[in-house]
Every structure is written in structure tokens, then in C-alpha cells.
Amino acid sequence: MNGTSTALIVVGLFLVGGIISFAKQKMPTGLIVLLSIGAAMCLLAGVLRLEVWN
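This one's a predicted model, so the numbers in the text were calculated from it and none came from an experiment. (Residues numbered from 1 in each chain as written. Predicted model: local features only at pLDDT ≥ 70, side-chain atom pairs only at ≥ 80, totals over all residues. Heavy atoms only, no water.)

Participant: Can you lay out the nonpolar core for me, pointing to particular residues and giving the numbers?
Facilitator: Judged by nonpolar contacts, L15, I19, I32, L35, A39 and C42 together constitute the single largest core of six residues. Mapped onto this core, the elements with two or more residues apiece are α1 (3–24) and α2 (29–48). Tallying contributions element by element places α2 first for this core, with four residues. Discounting residues that sit within four places of it in the chain, A39 has contacts with G12, L15, V16 and I19. (Core = buried A, V, L, I, M, F, W, Y, C linked by side-chain atoms within 4.5 Å. Buried < 20%, exposed > 50% of the residue type's maximum accessible area, 1.4 Å probe, protein only. Helix = DSSP H or I, 4+ residues; strand = E, 2+ residues; numbered from the N terminus. Contact = heavy atoms within 4.5 Å.)

See the structure below:
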């Protein structure tokens, strides 16, 4: 596990926390969808960059 994959996973989890917070605050759905896409992309990129796949 290198630094880049760790950073991407941490950012993705941070965005997931933002999604939960925004959903509780009844924020606009478009904003929650945008955060969801960003979180999914960060988590997917972080997992795919892990060195266990080589």
C-alpha cells in the first residue's frame, strides 16, 4: 500500500462522511449525487492502485 492509494482511500472516506452529513441536513439531491460520484471514483482509484493486484 503506497501513499497515493492511501490518500485516495482517505479522501474517498472523507467524502462518504460528507454524503452522510449532507443527507441528514436535507441538502439538495444533486449535490449529494455529485459527492457520491466523487467518493466512488476516489475509493475505486485507491483500491485499484493497491499493490496486491500485481
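Participant: Which residues make up α2, and what values do they have?
Facilitator: When the terminal C-alpha atoms of α2 are compared, their 28 Å separation across 20 residues agrees well with the 28 Å that a helix rising 1.5 Å per residue should span. Within α2, burial applies to I32, L35, A39, C42 and G46. In an axial view of α2, the angular spread of the buried residues amounts to 95°, which keeps them on one side of the axis. Residues T29, G30, L34, M41, L44 and L48 are exposed on α2 and point more than 90 degrees away from its buried face. (Expected span 1.5 Å × (residues − 1). Arc of directions from axis to C-beta.)

Participant: Which residues make up a nonpolar patch on the surface, and what values do they have?
Facilitator: Residues M27, L31 and L34 make up a contiguous nonpolar surface patch of roughly 250 Å² in combined accessible area. Mapped onto the elements, L34 comes out in helix α2. (Patch = residues over 30% accessible without salt bridge, like charges linked within 9 Å, V, L, I, M, F, W, Y side chains within 5 Å. Areas by Shrake-Rupley, 256 points an atom, 1.4 Å probe, with all protein chains shown as cover. Salt bridge = Lys/Arg side-chain N within 4 Å of Asp/Glu carboxyl O.)

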